[in-house]
Structure formats: C-alpha cells, structure tokens
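Each chain is listed here by its residues.
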Amino acid sequence: MYTVELKKVVEKMKLVNCTPEINIDDIKITQTDVNRPALQLAGFFDYFDSDRVQLIGNVEHAYMQKMEKDHGVSIMTRLLDYKVPCIIFCRNIEIDPNLIELATEKGVPLFRTEQPTSAFMSELIRWLKVELAPRISIHGVLVDVYGEGVLIMGESGIGKSEAALELIKRGHRLVTDDVVEIKKVSDETLIGTAPDITRHFIELRGIGIIDVKTLFGVESVKDTQSIDLVIKLEEWNKEQEYDRLGLEEQYTEFLGNKVVCHQIPIRPGRNLAIIVESAAVNYRQKKMGYNAARELYNRVTNNLMKK
C-alpha cells in the first residue's frame, strides 16, 4: 500500500492549519477518495470509511449550524473518535472555536481553504490518484517526441541512451534514462517519471555520465510524461520475420494497461533517432484517424479489383 504524507497535501493544496498544536508529521493518507460527511452528521455511521480525508462545504456547515449544541458536540465527538486523517473546511468557512478545541483534544487536524468544495474535491482526488497510483520500475529510456511519450526498451548496451541523446539534439525532451518509474493513474493512462537520483542524467558508455539539463538547457528535459508508445530495440536476426506493413497493432502491458509496441531490429547504418521520430508521428497520425498501412492495403485491393 502506498501512502502520502499529510503535510505534503497541506503544502500542495495551500491549506491553512487551524490546529497548529497537532503534529501532522506522522499522519499518512492511504485513500484516493474523499468524503463529505453528510450522513455522518445525521448520525448514520454504517459503512463509514474513516481512512478518507473529510470535506466540509456550505451544505454540511449549514446543517451543523442548525444542530442543537449538545447534539452537535455529540455527533462531532463521534466523528472525531474515528480518527479520520483530517477535516478540511472549504470556502473559507469559519470554524467554531469549540470544534477546534475538541479536535485538538482528539488529535484530528482541521484545515481551511478558500476553494469551492466541488472544485477542491476534484483536484484533491486527481492529485491523490497520481501520488497513490500503483507503480513499477523498469529498465529503459523515456523521451517526449512531438508530445508523445516514447518508451525505448532493449538489452543493456543496445543503444537506447545514444538514441535518446540524438533525439535531444533534434529538439525533443528527455524524461528519464536507465530507470523509468511507471505509475498507473487510470485504466487509460500510464505516467513515467525519473528517480530523484538520476533525474536529467544520461549514461554513455565510453564517456560516462552527462547532465542533459546543463549541457542542452532546461527545454531539453521534462519531469513527467504519459507513456503512449513503446519501442523495443533488438539485435538484427536475418532468420526472423519482421512486420513490414503494420496492419495489426502489437501491444505490451504495464500494470494491466496495454500500450502500442513496435519491435525495431538494430543493424549498422540504421538511424534510430529518425526511426523513433517516424514512429511517434505515425502513432499520432493513427490517433487522428489516418492509417498509412491501411490506406496502402485499400489501394492495392481496389487496384486488383479493377483488373
């Protein structure tokens, strides 16, 4: 199970801490979903997921204001006894000093934000999905080519880093070399990042480590990128049949998500950078509805039918 520190959420979302006496360093968030405790304020706690961040908006606050004092204290005490990670009040709602005192006693931090409740909830869930996404680390190089995330894979020493360096010189951007951390943020999207230690570095055999950001400028690097296309480099084998038309897409799978994959045979004289660029542009063209292989097949078929 992955976690994210509550203090990181506070910094990212620019929350105002209303209970500074509580130490939040050891509080972890484990759930991507959040909860608006409307039913809980009405006294219904069945199936209540206490591991979620709790949000209070105008509706919940208005309901709390109409409660009798003793009943309100009883409900809030019951809610705080579940040891929820935190409670966030949206729209800069003023928090009752008695509630702050009670929350401090129970060790549940209270925060405030000026953001509208629905917008804040959507952004928080989106951010938590990225931070808590399932992830793996693989050996490869990830580059941004014309806006498409291209993951170059292959055996060590086959030329992945050299291809990435040539792509950088042609105006494309490096995300990570050698180790790619892949996060599954949805059933459609995989995000690739670099480990903090190796970010912006490339290893070139015979030369050593080079700093891409320093040598080529800040426009030559990128911190994160979706993985749209995989290119697997392999040694040329004259006995093997390679796809020469590309009518049928081949796929590889990461964390249950399928990604279009091309196997590229390597032999002296082949320009890997141009091949990768062409693959990225062709992939984009297919997304826009044009398939060159299918067009050629249709032309040949129509020509044969005419004859």
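Provided above is the structure to which this section pertains.
Being a predicted model, the structure only gives us computed values, none of them experimental.

## Some thoughts on the overall build of the protein
- Assigned secondary structure in the protein consists of 10 helices and 19 strands.
- In terms of C-alpha radius of gyration, the protein reaches 27 Å, well past the compact-globule figure of 19 Å for 307 residues.
- If one aligns the C-alpha atoms of the protein with their principal axes, the spans along those axes are about 85 × 55 × 30 Å.
- The buried share of the protein, reckoned over its 307 residues, is 43%.
- Across the protein, the fraction of contacts at a sequence separation of at least 24, relative to all contacts at a separation of at least 6, is 69%.
- For the protein, the exposed surface amounts to about 17400 Å²; the carbon and sulfur share of it is 49%.
- The protein carries 40 positive and 46 negative side-chain charges, and their two centres are separated by 6 Å.

## A closer look at the packing of helix H1 (residues 6-13) against helix H6 (residues 117-131)
- Taken N-terminus to C-terminus, the directions of H1 and H6 make an angle of 130°; their axes are 12 Å apart at the nearest point. The angle between H1 and H6 falls in the class oblique. The hand of the H1/H6 crossing is right-handed. Here Lys8, Val9, Lys12 and Met13 of H1 lie close against H6, whose contacting residues are Phe120, Glu123, Leu124, Trp127, Leu128 and Glu131.

## Overview of the nonpolar core
- Counting 29 residues, the largest nonpolar core has Val143, Val150, Ile152, Ile202 and Leu233 as the members making the most contacts within it.
- Put simply, the parts of the chain that give this core at least two residues each are strand E9 (141-145), strand E10 (148-154), helix H7 (160-169), strand E14 (201-204), strand E17 (229-235), strand E19 (257-266) and helix H9 (272-287).
- Of the residues forming this core, the biggest block, six residues, is contributed by H9.
- Not counting residues up to four positions away in its chain, the partners in contact with Ile202 are Ser161, Ala164, Ile168, Leu174, Asp177, Gly208, Ile209, Ile210 and Val212.

## With respect to the pairing of strand E18 (residues 251-254)
- Burial along E18 is one-sided: the residues Thr252 and Phe254 are buried and none of Tyr251 and Glu253 is.
- Pairing geometry for E18 and E19, over four bridges, is antiparallel. Bridging across to E19, Thr252 finds its partner in Val259.
- Hairpin connection from E18 to E19: two residues lie between these consecutive antiparallel strands, with Leu255 at a positive phi of about 55°.

Each value, and the rule that gives it
- Residues numbered from 1 in each chain as written.
- Predicted model: local features only at pLDDT ≥ 70, side-chain atom pairs only at ≥ 80, totals over all residues.
- Heavy atoms only, no water.
- Helix = DSSP H or I, 4+ residues; strand = E, 2+ residues; numbered from the N terminus.
- Rg over C-alpha atoms; globule rule 2.2 N^0.38 Å.
- Buried < 20%, exposed > 50% of the residue type's maximum accessible area, 1.4 Å probe, protein only.
- Contact = heavy atoms within 4.5 Å.
- Areas by Shrake-Rupley, 256 points an atom, 1.4 Å probe, with all protein chains shown as cover.
- Lys, Arg positive; Asp, Glu negative; His and termini not counted.
- Charge placed at Lys NZ, Arg CZ, Asp CG, Glu CD.
- Axes fitted to C-alpha atoms, helices over the stretch in contact; angles between N-to-C directions.
- Parallel < 35°, antiparallel > 145°, perpendicular 65-115°, else oblique.
- Left-handed = near helix turned anticlockwise from the far one by under 90°.
- Core = buried A, V, L, I, M, F, W, Y, C linked by side-chain atoms within 4.5 Å.
- Pairing = 2+ DSSP bridges.

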